[in-house]
Amino acid sequence: MRESVDARHKRVLGLVRERGSMRVVELAERLGVSVETARRDVATLAGAGRLRRLHGSVHWPTAQLSPHEAARLARSAPAAMATAPSAQSGLVLGMVVPATGYFYPSVIRGARDAAAALGARLLVGTTDYRGEEDTRRIETLVEAGATGLLLTPSWGIDGPGPDALRELIGLPVPAVLVERRIPTGSRGAEIGRVGSAHAEGAASAVRHLAALGHRRIALLSRTTHTSPHLRRGYRAAISSFGFAQDDLSPLDAAGPGGFDTFERDADRLLQLAASDGVRAAIVHTDADAINLLQRLTARGLRVPEDFAIVAYDDELAALADVPRSGAFPGRRAPGTRSSSASTPSRPRADPSRCTSTASWSPIGRAPGPGT
């Protein structure tokens, strides 16, 4: 099985921590990947504050630099940083995310850039989607001097359990939730949050397909923290047009992923495409949209001539053989707003402030009669 990006990042961190520093070429050899892949990994981890990057080499953040290396690091830093307020303020923000791959690198970059603009340093911890790690990472960041926290906890899709909620409410420093929310009416629901407007993204996708003439539009979403919001936006938009609700998203999956139920419902979509006139679908994730594209092609259906696909998210959209439409959240914005909101001297985030971007590539005509 191909190694995931997060798993490779763990190996990168382990190798650099063990050695203190190493050449990127040597790192690539140890990982068994290309030098370009190793450079991308180092850039991502350095951007998250987990490694320190110099020309051709990578260092553990606390490793001692030689005078020559220190001079090179100073020259490579942006000129603006030399006079940044952080040099005087020493303000530190902490960020906890479940992973450094897929969705989150852009969120981290947005938070890092906003923190730098405020004169703050951003420290990032990851939990690998293990809920028990949330507390450890938060404690480590607070001990390191973080005076504000940006948190994407590894909660279930329904929100935090009682213990996790008590810990959040009892934090000793201000916190903002990023891409997470506490159910309305629960204790702590007033805690600031920022996130993507996924419901509006799904509604935009429905409107786009309706404008092309589609009247049967299905939704197929894997079970993720995003899926409840997609379902809400989809159903609202479909109802406004008076269309049939063809929501095939798994409702009985035990947790995030829902692989078995998702595959079952993907088969249901193919059956609808063959018999009931469904000729368009909004699919989350975009990796699943690529999979659906391949399955449609295997059945002799052309995309977009016979069937239109809008992928929700664009991480892998460029890998598809056929151009597809895509709706995707503006990832940098949640990080940017959460950094500003978690600074102690500023108000917390407005819970209603969310962002989303819809971007459409050519999807082709709506099917005509008989197609």
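Student: Can you explain the pattern of salt bridges? Please cite residues and give values.
Tutor: What the rule picks out here adds up to 18 salt bridges. Where Arg130 meets Glu132, a salt bridge forms, and the shortest distance between an N and an O atom there is 3.7 Å. Here Glu133 ties to Arg130 by a salt bridge, and the two come within 3.8 Å at their closest N and O atoms. Arg130 sits in the partly exposed class, given a relative accessible area of 32%. Linked by salt bridges that have partners in common, Lys10, Asp128, Arg130, Glu132, Glu133, Arg136 and Arg137 make up one network.

Student: Kindly report on the nonpolar core, identifying the contributing residues and their values.
Tutor: Counting 19 residues, the largest nonpolar core has Leu269, Leu292, Leu296, Phe307 and Ile309 as its most contacted members. Of all the secondary-structure elements, those providing two or more residues to this core are strand S9 (217-221), helix H11 (259-275), strand S11 (280-284), helix H12 (286-298) and strand S12 (308-312). Among the elements that take part in this core, H11 stands out by supplying five residues, more than any other. For Leu292, the contacting residues outside a window of four places in its chain are Leu269, Leu270, Val283 and Ile309. The next biggest cluster of nonpolar side chains, apart from the first, holds 18 residues, and it includes Ala202, Ala237, Ile238 and Ala280.

Student: A description of the sheet that holds strand S1 (residues 21-23) should follow, citing residues and the corresponding values.
Tutor: Taken in spatial order, the three strands make up an open sheet running S1-S3-S2, and their pairing is antiparallel. What marks the edges here is a single partner per strand, and that holds for S1 and strand S2 (52-54). The mean angle between the axes of side-by-side strands here comes to 20°, regardless of whether they run parallel or antiparallel. Taken together, the three bridges between S1 and strand S3 (residues 57-59) define a ladder with antiparallel strand orientation. Across the sheet, residue Ser21 finds its bridge partner in S3, namely His59.

Rules behind the numbers
- Residues numbered from 1 in each chain as written.
- Predicted model: local features only at pLDDT ≥ 70, side-chain atom pairs only at ≥ 80, totals over all residues.
- Heavy atoms only, no water.
- Salt bridge = Lys/Arg side-chain N within 4 Å of Asp/Glu carboxyl O.
- Buried < 20%, exposed > 50% of the residue type's maximum accessible area, 1.4 Å probe, protein only.
- Core = buried A, V, L, I, M, F, W, Y, C linked by side-chain atoms within 4.5 Å.
- Helix = DSSP H or I, 4+ residues; strand = E, 2+ residues; numbered from the N terminus.
- Contact = heavy atoms within 4.5 Å.
- Pairing = 2+ DSSP bridges.
- Axes fitted to C-alpha atoms, helices over the stretch in contact; angles between N-to-C directions.

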